[in-house]
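This is what each chain is made of:
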Amino acid sequence: MSLLEIRALQKGFRSPDGHLQPVVDIPEFSLAAGQAVALAGPSGTGKTTFLHLIAGILTPDAGSIRIDGQEIVGMTEHGRDRIRANAIGYIFQSFNLLQGFTCLENVVLGMSFGAGANPARATELLRRVGLGDRLHHFPRQLSTGQQQRVAVARAMAGKPRLVLADEPTGNLDPANAREALALIRETCTENGSALLLVSHDRDILGAFDTVPSLADINRAARPQPARA
Amino acid sequence: MTLWLLVRRSLRQHLLSTIVTALSLSLAGGLLMTVWSLKTQARQTFERMDGGWDAVLGARSSKLQLVLNAIFHLEASPGNIRPADLATLAANPAVKAVVPLAMGDNYLGFRIVGTTTNHFTDHEFAEGRKFRVREGRVFEDGYREALLGAFAAQKLGLKIGDEFKPYHGLNYASKPSDNVQHEEIYVVVGILDASNTPADRVVWIPVAGIQNMAGHDPATAQDVSAALVKLRDPAAGFRLDQLYNKQGDRLTFAWPIGTVMAQLFDKIGWFDSVLTLVAWLVAVVAAASVLASIYNSMSARRRDLAILRALGARRRIIFTAIIAEATTIAAIGAACGFLVHFALLFGAASLVRTQTGVVIEPFQPGWVWLWAPAALMGLAALAGTVPAFKAYDVDVASSLSPES
């Protein structure tokens, strides 16, 4: 059974002139437990919207999203919060670290709402990503690459079944980007987590065996034929 | 733990507004506790402060004036009572002891009161407590000797063997040339231990000293200003009340002293109410400042709240965290409020002691120490619900940035 199953998923946003602009239109998509899939897509192809829909941050206009057999479309906000806390780890493009919290606290918060706060595990994870000596530093005191590693540790903290990564290397130089990707894949493998990564970085995408384009699965991202 | 972490970090992130808001709450809490403690303690202390006497007999006047004059040494004497009246009272079988008081002079603002030595040798001003002479001895009747209350001795700087000339009148004018000094010279022969009663503010001399002081009317030389009365049976006070107040028309029998003082506090109860109202208003304004402070920071917090929601934080956790933050600010404010409270109460207690000799205890525990901080925290929690609802409604997707 697939960990993630998507059917006839649609999401659009109204433009200022009132026209409904489709952003996501995915007839079918699935991801098996432990599988790692990278989707290629340039900016504006609905990458973030797609991942937000899976994470339950946005609600679709139509369709079905099942995570571990649980339908999240139509679920209450509280239910979606629980899915996010228990089953999903999210790595944001801009890391979205909490600036007023230390590295350790950021990672602890990553597990607090699901598995429960476990500072010892958070410490171990930060050591694992090479930040054992930066536990009590604030994000602003870290380099971009170090912040990315904190974001990875936070996403993995609750041992999620599904990791969503939105342009996770977008703010990193090539060397740091490769290192970050290796870290993400490694920790996903260790935890048995499935990985769904979306990026437009060719170097990063090259590390995956097959890289479907987001446009291949998202009809709304395909170029529209010119009007006659 | 998570909730406390969120609260702690948020308070730290908004440190300046946390401090300012907590300070305004501490002022409110301190003011509320002080007003309450002062009015409660003042009432209790003044009502109990009868100097060990059951009643005061004096010239026809209000009972309150008699009590304030004879027990608290504050008011002027309404007139004199004759020796025969004193003798009649002393002969009444219901009366256990009578001590005469004669007033009319001061020394540098401290009232000089003439009395008899049994006031200090036999009388208990509180249960099981007699006046104790700390230095020297009690004056001797018929001699120009003075026994000083502890506070008067300390403020006047007089020692055993020092001499002074009394001034005419109960009050000392601020302009020295307006004061008329008697020629009689009195010698300090003793200083009393502090009794924490109005007696501490008095310069005691023999009753004949006041009666025979040069310049006083010789026709009234045997009169006294008031008589302090101890009854054998407190219920006898009712009969004497009938005798002097209902049947007679020359004298007033102020009994029981505690009830007379309670009437005073009932009369000035509106003043307590105004002070308490002001203190509550300050508390409400301080709670509103918590609301404004957190509410105004919501724009800056929007992204953090969205991140927390994206990490799986339930809406009610966010809601509770904001309420807990408001309550914590109030708790800090209330804790600091105790410092404000003690500082204010020390000042007020010092003023009350200087003016009346009555001691207010700043550290005497009261229920207000529990309910005032609790009320402050409750108000702040209530005020916190407004920003908490705003936080509850934060749109996660639009508050996370950037999108790709």
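Residues numbered from 1 in each chain as written. Chains lettered and ligands numbered in written order. Predicted model: local features only at pLDDT ≥ 70, side-chain atom pairs only at ≥ 80, totals over all residues.

1. A short note on the overall build of chain A
Put simply, the rule reads: Every helix listed is a DSSP run of H or I at least four residues long, and every strand listed is a run of E at least two residues long, numbered separately from the N terminus. As a reference, a globule follows 2.2 Å times the number of residues to the power 0.38, and the radius of gyration itself is taken over C-alpha atoms. Burial is judged by counting other C-beta atoms within 10 Å of a residue's own C-beta: 20 or more means buried, 12 or fewer means exposed, and anything between counts as partly exposed, with every C-beta placed from the backbone. What counts as a contact is two residues whose backbone-derived C-beta atoms lie within 7 Å of each other.
Along the backbone of chain A there are eight helices and eight strands. By the compact-globule yardstick of 17 Å for 228 residues, chain A fits well, its C-alpha radius of gyration being 18 Å. Judged by the C-alpha coordinates and their principal axes, chain A covers about 60 × 40 × 35 Å. Here chain A holds 228 residues, and 49% of them are scored as buried. The contacts in chain A between residues at least 6 apart in sequence include a share of 72% that link residues at least 24 apart.

2. Considerations on the overall build of chain B
A tally of helices and strands in chain B yields 14 helices and 13 strands. A globule of 404 residues ought to have a C-alpha radius of gyration of about 22 Å, yet chain B, at 30 Å, is considerably larger. Along the longest, intermediate and shortest principal axes, the C-alpha atoms of chain B span 105 × 45 × 40 Å. Restricting to contacts in chain B with at least 6 residues of sequence separation, those with at least 24 account for 81%.

3. Structural notes on the pairing of strand β8 (residues 194-199) of chain A
When a strand is regular, its side chains alternate between the sheet's two faces. All names here are of chain A. To keep things clear, this is the line we draw: Here, any two strands with at least 2 DSSP bridges between them count as paired.
Burial runs high along β8: six of the six residues are buried. When strand β3 (residues 36-40) meets β8, the two strands line up parallel, connected through five bridges. By the bridge assignment for β8, Ala36 is matched with Leu195. In this structure, strand β7 (residues 162-166) lies alongside β8, joined through five bridges in parallel fashion.

4. As for the packing of helix α2 (residues 15-48) of chain B against helix α13 (residues 368-392) of chain B
Residues and elements named next belong to chain B. Stated formally: Angles here are taken between N-to-C directions and fall from 0 to 180 degrees, while the axes themselves are lines fitted to C-alpha atoms, restricted in helices to the stretch in contact. By definition, any crossing whose near helix is turned counterclockwise from its far helix by less than a right angle is left-handed, and any crossing with a clockwise turn is right-handed. Basically, the charged four are Asp, Glu, Lys and Arg, the nonpolar ten are Ala, Val, Leu, Ile, Met, Phe, Trp, Tyr, Cys and Pro, and anything else, Gly included, counts as polar.
Between α2 and α13, the shortest axis-to-axis distance is 10 Å and the interhelical angle comes to 145 degrees. For the element pair α2 and α13, the recorded crossing hand is right-handed. Contact residues: α2 offers Leu25, Ala28, Gly29, Leu32, Met33, Trp36 and Ser37, while α13 offers Val368, Trp369, Ala372, Pro373, Leu376 and Ala380. For the contact of α2 with α13, the class distribution of residues is 11 nonpolar, two polar and no charged.

5. Digging into the sheet that holds strand β5 (residues 70-71) of chain A
Residues and elements named next belong to chain A. Strand order in the open sheet made by the four strands is β2-β1-β4-β5, with antiparallel pairing throughout. Every other strand in the sheet has two partners, leaving β2 (20-32) and β5 as the edge strands with one partner each. Strand direction decides the pairing type here: strand β1 (residues 2-14) and β2, joined by 11 bridges, are antiparallel. Counted as the bridge partner of Arg7 is Glu28 from β2.

6. What about the confidence of the model for chain B?
Where the model shows low pLDDT, its predicted coordinates should not be examined in detail. Note the threshold: Across the chain, each position has a pLDDT score giving the predictor's confidence in that residue, from 0 to 100.
Mean pLDDT over chain B: 91, with 99% of residues reaching 70 or higher. Within chain B, strand β10 (residues 186-192) of chain B carries the highest mean pLDDT (97), whereas helix α14 (residues 396-399) of chain B carries the lowest (86).

7. Comments concerning the nonpolar core
Note on soluble globular proteins: their nonpolar side chains tend to be buried together. Stated formally: Joining buried Ala, Val, Leu, Ile, Met, Phe, Trp, Tyr and Cys residues through C-beta atoms within 7 Å gives a set, and that set is a nonpolar core.
Grouped together as the largest cluster of nonpolar side chains are 116 residues, with contacts concentrated most on A:Val107, A:Leu162, A:Leu164, B:Ala326, B:Leu376 and B:Ala380. By residue number, the principal contributor to this core is helix α12 (residues 315-356) of chain B, which donates 10 residues. Residues contacting A:Val107, with those up to four places away along its chain left out, are A:Ala122, A:Leu125, A:Leu126, A:Val150, A:Ala153, A:Arg154 and A:Ala157. Counting residues in hydrophobic clusters, the runner-up holds 69 residues, among them B:Phe46, B:Ile112, B:Leu147 and B:Trp204.

8. A short note on the sheet that holds β3(A)
Residue and element names in this part refer to chain A. Overall, parallel pairing links the four strands, which are arranged β3-β8-β7-β6 in an open sheet. Every interior strand has two partners, whereas the edge strands, β3 and β6 (88-91), have only one. Taken pair by pair, the neighbouring strands of this sheet meet at an average axis angle of 15 degrees, ignoring direction. Examined bridge by bridge, β6 and β7 share four bridges and lie parallel to one another. By the bridge assignment for β7, Ile91 is matched with Ala165. Contacting β6, β7 and β8, helix α1 (residues 47-55) crosses the sheet at an angle of about 155 degrees to β7. Set on the sheet, helix α5 (residues 144-156) makes contact with β6 and β7; between it and β6 the angle comes to about 170 degrees.

9. Points about the environment of B:Leu400
All names here are of chain B. Looking at the secondary structure, you find Leu400 in the segment after α14. Since 23 C-beta atoms lie within 10 Å of it, Leu400 is described here as buried. For the pair formed by Leu400 and Arg302, sequence separation is 98 residues and the distance between their alpha carbons is 8.7 Å.

10. Let's talk about the interface of chain B and chain A
By a frequent convention, interface size equals the accessible area lost on bringing the separate parts together. Opposite the 21 residues of chain B that make contact, chain A presents 28 residues. For the side of chain B that touches chain A, the secondary-structure elements that each account for two or more residues are α1 (2-13), α11 (298-310) and α14 of chain B. Taken together, the residues of the side of chain B that touches chain A break down into 10 nonpolar, five polar and six charged.

11. Comments concerning the domain arrangement of chain B
Residue and element names in this part refer to chain B. Here is the rule we go by: For each domain, the first and last residues come from an automatic or database assignment.
According to the domain assignment, chain B contains domain 1 (2-46 + 267-399) and domain 2 (51-255). Relative to domain 2, the C-alpha centre of domain 1 lies at a distance of 48 Å. Contacts between domain 1 and domain 2 engage four residues on the former and nine residues on the latter. Among the residues forming the side of domain 1 that touches domain 2, the class breakdown is two nonpolar, two polar and no charged.

12. Here we look at unusual backbone geometry
Of note, the amide linkage connecting B:Trp255 to B:Pro256 takes the cis form, showing an omega dihedral of -15 degrees. Position of B:Pro256 among the secondary structure elements: in the loop between β13 (251-254) and α9 (257-267). One non-glycine residue with positive phi stands out, namely A:Ala8, at about 45 degrees. Within the fold, A:Ala8 resides in strand β1. Positive phi is not limited to glycine here, since A:Asp68 has a value of about 55 degrees. Inspection of the secondary structure assignment puts A:Asp68 in the loop between β4 (62-67) and β5.

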